[in-house]
Protein chains: 2
Amino acid sequence: MGFMNLRRLQYFLAVVDHGTVTGAADKLHMAQPALSRQIKTLERELKLELFEPQGSRLALTAAGRALVPAARRLVVEALDFESAATLLRTGKVERLTVAATSASLRTFLAPFIATMTPADPQLVARETSHFEMTESLRQGCDFAVSPQAPDGDLRHVPLGRMPVRAYVSKDHEWARDGVRQLPLSAFAGVPAILTSHHSVSRFLLDDALSRHDVTFSSVTECDDGQSIMALAVAGHGVGFSTERPLYGAHPILVLDDDDSGARPLGLALHVAWLPGHYAEAVIEELALRIRDFLQAEGIALGA
Amino acid sequence: MGFMNLRRLQYFLAVVDHGTVTGAADKLHMAQPALSRQIKTLERELKLELFEPQGSRLALTAAGRALVPAARRLVVEALDFESAATLLRTGKVERLTVAATSASLRTFLAPFIATMTPADPQLVARETSHFEMTESLRQGCDFAVSPQAPDGDLRHVPLGRMPVRAYVSKDHEWARDGVRQLPLSAFAGVPAILTSHHSVSRFLLDDALSRHDVTFSSVTECDDGQSIMALAVAGHGVGFSTERPLYGAHPILVLDDDDSGARPLGLALHVAWLPGHYAEAVIEELALRIRDFLQAEGIALGA
DNA sequence: TGTGGTTACGGGAATCGTAATAATG
DNA sequence: CATTATTACGATTCCCGTAACCACA
């Protein structure tokens with residue numbers, strides 16, 4: 001059992017990420033021939049060609065490409081092991097990486113991080129699409145803030161519901177009448193400004209619309225929450241967003257009324273992580289603090 | 001980044017598993033002082049005491065014990081990486097480890113393995129309780145044969161339903177009358193011989209009994225399928241088991257009749273594995289072969 | 001001719017085995 | 001004194017950096 005050498009695997013990944021041996025060597029603070037030799041050695045060990053010459057540089061072979069995900073998992077697992085050791089030694093977690101959508105980041109995660117102290121672990125945020133949450137967890141993020149109920153066997157803590165609000169300009173009749181909430185049916189026939197399907201909130205809205213047989217007169221797609229707000233304020237239609245009001249936009253809760261009564265349309269936010277994570281206890285405690293923060297700031301409705 | 005050394009981690013696990021440095025060194029085919037030194041080096045690297053002297057030998061410290069699972073995961077991941085490389089190189093999987101209950105092993109897995117050829121991967125079976133299936137997958141088993149619908153985000157292939165049969169001796173009136181199947185209600189008041197709650201089939205039976213408000217006159221618990229059969233043949237009651245008839249026991253299908261008609265009470269067998277397994281395709285193909293084997297041999301009912 | 005990958009050589013660190021030493025029951 | 005862990009020393013192997021060399025645009 002000539003055991004796999006993790007350092008070599010990291011070298012491999014560095015070359016993959018950088019595209020050239022020279023660049024990777026530079027980043028790894030080592031001489032380029034040394035790195036070149038290590039790659040060769042790895043190829044000899046695995047008895048596989050990982051790279052092939054392409055012009056004067058190297059390109060991954062099919063086999064090389066196939067091994068990248070497994071190699072990454074392995075390296076992440078190793079880093080986790082070291083972090084677990086540090087946790088045992090110092091009794092505290094130094095650094096946690098959280099995956100979140102840009103909307104979650106801007107809306108509440110960054111403000112929450114601002115409330116943390118040096119005694120807390122350092123929270124590093126990584127922007128991810130909703131649909132890569134589980135993947136990001138397997139690729140090194142310690143936990144994720146997800147706007148969907150987590151699938152799979154993830155451990156999770158519900159944070160509450162983040163309401164989807166409709167925004168109109170303050171000259172709009174709804175604003176003048178001081179309307180605070182409306183059933184979905186009230187929005188039939190209005191021009192809407194929405195996110196694209198890169199956002200979970202769009203799926204949520206589409207689902208509710210089809211259930212109530214409601215259609216907009218027109219749909220403008222825009223993925224930036226601030227721009228949605230700006231367009232609404234400029235009178236181009238009704239903007240739908242989970243973000244907080246800006247530019248004096250007038251917020252209206254969207255009610256999803258079904259048999260069991262009306263309740264605000266909203267995303268079910270969760271903190272999720274892989275079971276068995278070395279800092280499970282710390283993550284769970286942090287999740288509860290985020291939940292309390294969301295309640296206290298009135299950002300999310302109770303769970 | 002003084003990167004974790006996998007060899008050292010394996011040494012650590014060997015000492016953990018063996019209890020003594022001497023024994024582990026022996027198994028690792030290396031001199032004992034070398035191993036002792038490696039353990040010390042690991043402790044220095046992690047800045048953690050992993051073992052403490054207990055008499056003349058070593059015992060794990062709390063920190064050491066805490067690191068064992070993470071270390072094991074890491075080593076398993078590394079072995080997987082090597083297997084993935086071998087698969088890419090040779091185009092075939094050399095060895096797969098399957099987790100299964102002893103009942104599954106005896107009833108159909110061992111017979112199935114007997115039908116395989118040297119061209120197939122070598123299938124090594126590991127006996128596991130139903131309730132540790134997911135855990136065993138994370139600890140190195142490549143796939144599991146589970147009598148429950150797999151939870152979590154496991155990939156899976158249904159194998160069919162393994163009927164739970166009632167067995168009576170051939171002198172029993174049901175046997176003399178040639179009864180082949182009976183509704184659950186017919187078993188009210190009979191003395192029953194069942195497995196303990198270590199078996200999923202027991203939960204299944206208990207659930208069906210409570211739904212139909214049926215109770216046995218007495219319950220004898222016995223975890224060995226052959227003994228259940230033997231007791232039934234000896235006239236001690238009605239044995240319930242997923243195993244095939246033995247000792248001339250007379251089998252009767254147990255029907256679970258609900259609104260949608262009667263269907264045989266049975267376990268939903270599945271093959272399950274972790275998504276992203278390096279030999280996913282091979283496992284899936286193997287699962288289909290097991291499914292066909294079960295159908296062809298009449299061991300399971302269609303899915 | 002510049003950019004990038006490979007081969008050749010010498011020094012230093014890591015790791016092993018043998019042998020000697022210390023501690024426990 | 002038998003079992004088990006640790007320390008001491010010499011030999012081997014691994015790995016890095018420098019320097020020279022090769023291949024493609």
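Residues numbered from 1 in each chain as written. Chains lettered and ligands numbered in written order. Predicted model: local features only at pLDDT ≥ 70, side-chain atom pairs only at ≥ 80, totals over all residues. Heavy atoms only, no water.

- In the nomenclature of an unreviewed UniProt entry, chain A corresponds to DNA-binding transcriptional regulator, LysR family from the organism Arthrobacter cupressi.
- The Sequence similarities (unreviewed entry) field of the UniProt record for chain A holds the comment "Belongs to the LysR transcriptional regulatory family." (UniProt positions renumbered as here; feature names shortened; annotations may be inferred.)

### Details of the interface of chain A and chain B
So, step 1. Contacts between the two partners involve 32 residues from chain A and, on the opposite side, 32 residues from chain B.
So, step 2. Interface area for chain A against chain B, summed over the two sides, is near 3,200 Å², with a carbon-plus-sulfur share of 72%.
So, step 3. Its largest share of buried area at the contact with chain B, chain A owes to Phe3, Glu77 and Phe81 of chain A, together 23% of the area lost on that side.
So, step 4. Inspection of the chain A/chain B interface yields two salt bridges.
So, step 5. Here Glu77 of chain A and Arg73 of chain B are joined by a salt bridge, their closest N and O atoms 3.0 Å apart.
So, step 6. Across the contact surface, chain A and chain B share six residue pairs in polar contact (both at pLDDT 80 or more).
So, step 7. For the side of chain A that touches chain B, the elements supplying multiple residues, two or more each, are α1 (6-18), α4 (62-90) and α6 (133-138) of chain A.
So, step 8. It is α4 of chain A that provides the largest number of residues to the side of chain A that touches chain B, a total of 17 residues.
So, step 9. Residue classes in the side of chain A that touches chain B are distributed as 20 nonpolar, five polar and seven charged. (Contact = heavy atoms within 4.5 Å. Buried area = accessible area lost by both parts, 1.4 Å probe. Salt bridge = Lys/Arg side-chain N within 4 Å of Asp/Glu carboxyl O. Polar contact = N/O pair within 3.5 Å; in protein donor to acceptor, adjacent residues only side chain to side chain. Helix = DSSP H or I, 4+ residues; strand = E, 2+ residues; numbered from the N terminus. Nonpolar A, V, L, I, M, F, W, Y, C, P; charged D, E, K, R; others polar.)

### Here we look at the sheet that holds strand β14 (residues 266-273) of chain A
Residue and element names in this part refer to chain A.
So, step 1. Taken together, the five strands give an open sheet; going across it, the order is β4-β3-β5-β14-β6, and neighbouring strands pair in mixed fashion. Only two strands of the sheet have a single partner each, and these edge strands are β4 (122-127) and β6 (155-163). Recorded for the sheet is a direction-independent mean angle of 20° between the axes of neighbouring strands.
So, step 2. Of the pairings in the sheet, the one linking β6 to β14 comprises eight bridges and is antiparallel in character. Counted as the bridge partner of Arg155 is Trp273 from β14. (Pairing = 2+ DSSP bridges. Axes fitted to C-alpha atoms, helices over the stretch in contact; angles between N-to-C directions.)

### Considerations on the sheet that holds strand β5 (residues 143-146) of chain B
Residues and elements named next belong to chain B.
So, step 1. Strand order in the open sheet formed by five strands is β4-β3-β5-β14-β6, and the pairing between neighbours is mixed. The outermost strands of the open sheet, each flanked by one partner alone, are β4 (122-127) and β6 (155-163). The average angle at which neighbouring strand axes cross in this sheet is 20°, direction not considered.
So, step 2. Running at roughly 15° to β6, helix α10 (residues 280-296) makes contact with β3 (95-100), β4, β5, β6 and β14 (266-273) of the sheet.

### Some details on the protein's contact with DNA strand D
So, step 1. Near DNA strand D you find 23 residues, and of these Ala31, Arg37 and Gln38 of chain A together with Thr22 and Ser36 of chain B are the closest.
So, step 2. When atoms of DNA strand D within 4 Å of the protein are sorted by moiety, sugar and phosphate together comprise 65%.
So, step 3. Between DNA strand D and the protein, one listed contact pairs a phosphate oxygen with a side-chain N or O atom of Asn5 of chain A at 3.3 Å.
So, step 4. Contacts to DNA strand D include Ser36 of chain B, whose side-chain N or O atom sits 2.5 Å from a phosphate oxygen. (Near = heavy atom within 4 Å.)

### Looking at the packing of helix α5 (residues 102-114) of chain A against helix α10 (residues 280-296) of chain A
The geometry of a pair of packed helices is captured by two quantities: the angle between their axes and the separation between those axes.
All names here are of chain A.
So, step 1. For the pair α5 and α10, interaxial distance at closest approach is 11 Å and the crossing angle is 115°. If you check the angle between α5 and α10, you find them roughly perpendicular. Between α5 and α10 the crossing geometry is right-handed. Across from Phe108, Leu109, Pro111 and Phe112 in α5, the residues of α10 making contact are Leu286, Arg289, Ile290, Phe293 and Leu294.
So, step 2. Within the contact of α5 with α10, the residues separate by chemical class into eight nonpolar, no polar and one charged. (Parallel < 35°, antiparallel > 145°, perpendicular 65-115°, else oblique. Left-handed = near helix turned anticlockwise from the far one by under 90°.)

### Brief notes about the pairing of strand β1 (residues 51-54) of chain A
Residue and element names in this part refer to chain A.
So, step 1. Looking at chain direction, β1 and strand β2 (residues 57-60) are connected through four bridges and run antiparallel. Bridge assignment links Gln54 to a residue of β2, and that residue is Arg57.
So, step 2. If you look at the hairpin formed by β1 and β2, you'll find two residues sitting between the two strands, and Gly55 has a positive phi there, around 65°.

### A closer look at the UniProt feature "domain: HTH lysR-type" (unreviewed entry) in chain A
So, step 1. The feature "domain: HTH lysR-type" (unreviewed entry), as given by UniProt, occupies residues 4-61 of chain A in the numbering adopted here.
So, step 2. Structurally, residues 4-61 of chain A is divided into 60% helix and 14% strand, and its ends, taken at the C-alpha atoms, are 20 Å apart.

### A short note on α1 of chain A
Residue and element names in this part refer to chain A.
So, step 1. Its 13 residues place the ends of α1 18 Å apart at the C-alpha level, agreeing with the 18 Å of an ideal helix rising 1.5 Å per residue.
So, step 2. Listing the buried residues of α1 in full gives Leu6, Arg8, Leu9, Tyr11, Phe12, Leu13, Ala14 and Val15.
So, step 3. With a side-chain oxygen positioned 2.9 Å from the backbone nitrogen of Arg7, the residue opening α1 is Asn5. (Expected span 1.5 Å × (residues − 1). Buried < 20%, exposed > 50% of the residue type's maximum accessible area, 1.4 Å probe, protein only.)

### Remarks on the pattern of salt bridges
So, step 1. By the definition in use, this model includes 29 salt bridges over all chains.
So, step 2. With a closest N to O distance of 2.9 Å, Asp120 of chain A and Arg289 of chain A form a salt bridge. Of this pair, Asp120 of chain A sits in the loop between α5 and β4 while Arg289 of chain A sits in helix α10, placing them 169 residues apart in sequence.
So, step 3. Relative accessible area serves as the criterion here: at 26%, Arg289 of chain A is assigned to the partly exposed category.
So, step 4. A salt bridge links Arg155 of chain B to Glu280 of chain B; the nearest nitrogen and oxygen atoms lie 3.0 Å apart. Highlighted residues: Arg155 of chain B in strand β6 and Glu280 of chain B in helix α10, separated in sequence by 125 residues.

### A short note on the domain arrangement of chain A
Residue and element names in this part refer to chain A.
So, step 1. When the domains of chain A are assigned, the result is domain 1 (3-84), domain 2 (92-158 + 269-296) and domain 3 (165-264).
So, step 2. Computed from C-alpha coordinates alone, the two centres of domain 2 and domain 3 are separated by 27 Å.
So, step 3. On the side of domain 3, 11 residues touch domain 2, which itself brings seven residues to the contact.
So, step 4. Summed over both partners, the interface of domain 2 with domain 3 comes to about 610 Å²; 57% of that surface belongs to carbon and sulfur atoms.
So, step 5. Linking domain 2 with domain 3 are two salt bridges, by the criterion used here.
So, step 6. Residue Glu243 pairs with Arg106 through a salt bridge whose shortest N-O separation is 2.4 Å.
So, step 7. For the interface between domain 2 and domain 3, the tally reads two residue pairs in polar contact (both at pLDDT 80 or more).
So, step 8. Residue classes in the side of domain 2 that touches domain 3 are distributed as three nonpolar, three polar and one charged. (Domains from an automatic or database assignment.)

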